[in-house]
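What follows is the residue order along each chain.
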Amino acid sequence: MKMEWTPQQEGLREILTLLKESQSPDTATQRAVQQKLEQLSKYPDFSNYLMFVLTKMVQEDEPTRSLSGLILKNNVRTHYHNLVSSVTTFIKQECLRAVGDPSPLIRATVGILITTIASKSELESWPELLPALCNMLDSQDYNVCEGAFGALQKICEDSVEVLDGDTVNRPLDILIPKFLQFFSHSSSKIRSCAIGCVNNFIIQRSPALMLHIDAFLTNLFHVASDEDPEVRKNVCRALVMLLEVRMDRLIPHMGDIIEYMLMRTQDNDEGVALEACEFWLSLAEQPICREVLINHLNRLIPTLVRGMKYSEIDIILLKGDVEEDEAVPDKEEDIRPRFHKSKTHTMMKTAGATNANGSTMNENGTTDGDEDEEDFDDADDDSSLSDWNLRKCSAAALDVLANVFREELLPILIPILKETLFHQEWEIKESGILALGAIAEGCMSGMLNHLPELIPYLINSLNDRKALVRAITCWTLSRYSHWVVSQSHDSYLKPLMTELLKRILDSNKRVQEAACSAFATLEEEACTELVPYLSFILETLVFAFSKYQHKNLLILYDAIGTLADSVGHHLNKPAYINLLMPPLIQKWNVLKDEDKDLFPLLECLSSVATALQSGFLPYCEPVYRRCVSLVQQTLYQHMANTQNPEQYDAPDKDFMIVALDLLSGLAEGLNGHIEKLVMNSNIMQLLHHCMQDPMPEVRQSSFALLGDLTKACFQHVRPWIPQFLPILGQNLNPQYISVCNNATWAIGEISIKLGADTRPYIVIVLNQLIDIINRPNTPKTLLENTAITIGRLGYVCPHDVAPVLHQFVRQWCTSLRNIRDNEEKDSAFRGMCHMISVNPAGVVQDFIFFCDAVASWVAPKEDLREVFIKILHGFKAQVGEENWRRFSDQFPPQLSERLSTMYGV
């Protein structure tokens, strides 16, 4: 019989002393303890001592024992594979013995330890674990049953794939029916654990659960009105997930489920109400939403609006009673990290600009995807409340339902809005204004009749005495800015702008922030309509510089950048430049190279430089030099880290990306004026490195800069073409949409400058471009840029591209029919015409598409129009009157009309 491991007394004393000392508030003591623990972890049986303290030293206080277990957990996490087998065996057997410890804290610690070992060593190296825990569930000792469930719940969370994928032992075939038995256990803690365990397997559609889906539902319905909020939360969670995964099984019970969720959305426990409220967000995405919800709207909508009211605890957290706080500095931890969106070349702003993650921006500036949470974070943007809560979830649900039911919501909503908007209590009025903003997108056409009285009401509410009301009003008005801009300026835009600019200078920081964000949205909608008011706007924004604390400054940069994007060259007036540039340059000089506040400032300057064009000349040299040095520093740090990762940290590449984008802004704005700066710097060598960086966003921005430098000063790009073009060819991979997009655009710009010398490079790019244009589901921007680049290659080397014309002509024509007349479209169509004259047979099969594309021009240049006429009439003559009539009878009436007015066919 083998001996049990036993500790030595002095070793035990030493570890206990360390555990006690580590709870000391003194940092020096803590550091000493940390070092000592590091040393001790070199001894093989150190882990045994920690385990012994956790499970055997019942006379010690629980926090000390638990701490011993947590140190052991970290030890297991970092060094598991170096532990000797006698130690891991000891730890495993002691864990299983201690699962049912009388102390809840020790049970929980043991559970964490078990799941850490299970995830480190894979479950297969501990085959007795699951059967042992499963047997313990049947123990008469409550502590053992609860401890085993606690451990199983953690394992189910951490090892879903492993459990589901184990087709040999099939543990879930035993576990899931076992868990279902416990839904009706007398202890609510155990009921909640059991449901929690099963919930982990819903989204995966685990076969073992799908087999028992009906039993699962029956058991869920049994505990639906449980007195314990944790149980109700888990029931709601399960139903929300089942909506996505097993709608077929819910449909027969849908009426009851909706009734139940309506009740739970009003649960006294806010956690339960939040889980239930998620149900409406999910249901809105299901095709059956309309038919199953239509008869419940009259109860659901008022419930959601009630849920949008700030709770008392929210108001305390938001310091809702503090009206003036503009002089209070921000806490650094309240400032959310900002992520830079890399530059993407798009067609003259007709297509959505793609940001760094390749999703397309939609109209209201959020990305297509999970924008609900984003959007309602803007509605009350505050770090103490940035957690998803019932208010935001209710508002998001109202928003998605408004998009499903449109005007049909209004007969229910209008009376609620009348009551809430004019309510005496500010909290209720505030929730009404939030509701009005939430429905802006879905119910817009039904709201049109009400807006002439609602907008002045809202503009008036910008002067409410409560800061939280002023803040939400800014957001709601921004959701209607599209309508405001389309009406007479004197009635709406002017009063809105006047009041919004006052709110930008509000004495409350939350209002400043909301007003700045709302103003940025207004700028995007109004664009050049703002030109008459520029001096008024700039004076306000510049005054805000002297007033704002740290967090809001970052939002102010964004508002200034958006203004520059919106009004463009109209900003290039000495009076405006003298107002705007000094505060920006002052900030620029104060910020250090490693300060992340440079990101928003550089983004802002990039927009300003592009807008000011030659007006930016006095500032461009120091800005250019610093950008080049930021790129260089980042590359050096990257190399140092690659060669010696122990000694050097990896750099934050955002510094380089933002700097490359600002250089693009300079190249675009200054055009030929940037030539001297490029000549006296090593930017081309740096660009060569950036184009090969492993990080897609770096490559994306470097290709954008390459295209802009090609347009601005090709003489400096030309010597590098043999190195650059093969790299561009390697990046035509639509898996990275934005990288591929910018590489494609740069190839087109280079070909226009290189002319016939592009010829040797056609083989390394053409086939990939044809693949991209023929791929299903290629995003619109990428299709347009690809078509333009193929057209440009055909323009400079028609004999090399025309032979494969039939492979892309149809897709080419449909991609370019929707973009506005511009230089890029012009050169692309000239290329197409060159190719048709070299290989007319290549277009015959798809000639109707060519006719349609030609008709999409509003005003082609005269010589291009004549080429179009020549091709159209040539085709008509070639096929003869009779065939042409048969062919043109297929045209939609609009197309026939345009072709005859514009080109006489």
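Chemist: Mind laying out the overall build of the protein chain, listing which residues take part and the relevant values?
Modeler: Each helix and strand in the protein chain was counted, giving 51 helices and zero strands. In terms of overall dimensions, the protein chain has a C-alpha envelope of 100 × 65 × 65 Å along the principal axes. Considering only intrachain contacts with a sequence separation of at least 6, the fraction spanning at least 24 residues in the protein chain is 75%. Here the protein chain has roughly 39700 Å² of accessible surface; of this, 52% comes from carbon and sulfur atoms. Taking the 81 positively charged and 120 negatively charged side chains of the protein chain as two groups, their mean positions are separated by 2 Å.

Chemist: Which residues make up the environment of Cys443, and what are the values?
Modeler: Looking at the secondary structure, you find Cys443 in the loop between α24 (426-438) and α25 (444-447). Owing to a relative accessible area of 0%, Cys443 belongs among the buried residues under this scheme. Expressed as a C-alpha distance, the spacing of Cys443 and Phe405, which sit 38 residues apart in the sequence, is 8.2 Å.

Chemist: Give a detailed account of the nonpolar core, specifying residues and quantitative values.
Modeler: Ranked by internal contacts, the top residues of the largest apolar core, which has 327 residues, are Phe216, Trp280, Ile439, Phe616, Leu666, Phe808 and Trp812. In terms of residues, this core owes the most to one element, helix α36 (residues 654-670), which gives 11 residues. Apart from residues lying up to four places away in sequence, Leu666 is in contact with Ala609, Phe616, Cys620, Val623, Tyr624, Asn671 and Ile674.

Chemist: Outline the side chain of Asn731, listing residues and values.
Modeler: Here Asn731 is to be found in the loop between α41 (721-730) and α42 (737-754). Classification of Asn731 as buried rests on a relative accessible area of 9%. Polar contacts involving the side chain of Asn731 include one to the main-chain carbonyl oxygen of Ile727, which spans 2.9 Å. With sequence-adjacent residues up to four places away left out, Asn731 is seen in contact with Met691, Arg699, Phe703, Val739, Cys740 and Ala743.

Chemist: Got a sec to walk through the packing of aromatic side chains? Specific residues and values, please.
Modeler: Each pair of aromatic rings is reported with the distance of its centres and the angle of its planes. For the structure on display, the rule yields 26 aromatic pairs. When the ring of Phe183 is compared with that of Phe216, the centres are 6.0 Å apart and the planes differ by 70°; the resulting orientation is edge-to-face. Of this pair, Phe183 sits in the loop between α10 (171-181) and α11 (188-199) while Phe216 sits in helix α13 (residues 213-222), and the two are 33 residues apart along the sequence. Taking relative accessible area as the criterion, Phe216 reaches 0% and is therefore assigned buried.

Chemist: Which residues make up helix α43 (residues 762-774), and what values do they have?
Modeler: Its 13 residues give α43 an end-to-end C-alpha distance of 18 Å, which sits within 8% of 18 Å, the value for a rise of 1.5 Å per residue. Ile762, Val765, Leu766, Leu769, Ile770, Ile772 and Ile773 are the residues of α43 that are buried. End-on, the buried residues of α43 take up no more than an arc of 160°, which puts them together on one face. Structural note: α43 exposes Val763, Asn767 and Asp771 on the side pointing more than 90 degrees away from its buried face. Contacts from the buried residues of α43 go to α41, α42, α44 (780-796), α45 (798-801) and α46 (809-816).

About the criteria used
Residues numbered from 1 in each chain as written. Predicted model: local features only at pLDDT ≥ 70, side-chain atom pairs only at ≥ 80, totals over all residues. Heavy atoms only, no water. Helix = DSSP H or I, 4+ residues; strand = E, 2+ residues; numbered from the N terminus. Contact = heavy atoms within 4.5 Å. Areas by Shrake-Rupley, 256 points an atom, 1.4 Å probe, with all protein chains shown as cover. Lys, Arg positive; Asp, Glu negative; His and termini not counted. Charge placed at Lys NZ, Arg CZ, Asp CG, Glu CD. Buried < 20%, exposed > 50% of the residue type's maximum accessible area, 1.4 Å probe, protein only. Core = buried A, V, L, I, M, F, W, Y, C linked by side-chain atoms within 4.5 Å. Polar contact = N/O pair within 3.5 Å; in protein donor to acceptor, adjacent residues only side chain to side chain. Phe/Tyr/Trp six-rings, centres within 6.5 Å; stacked < 30°, edge-to-face > 60°. Expected span 1.5 Å × (residues − 1). Arc of directions from axis to C-beta.

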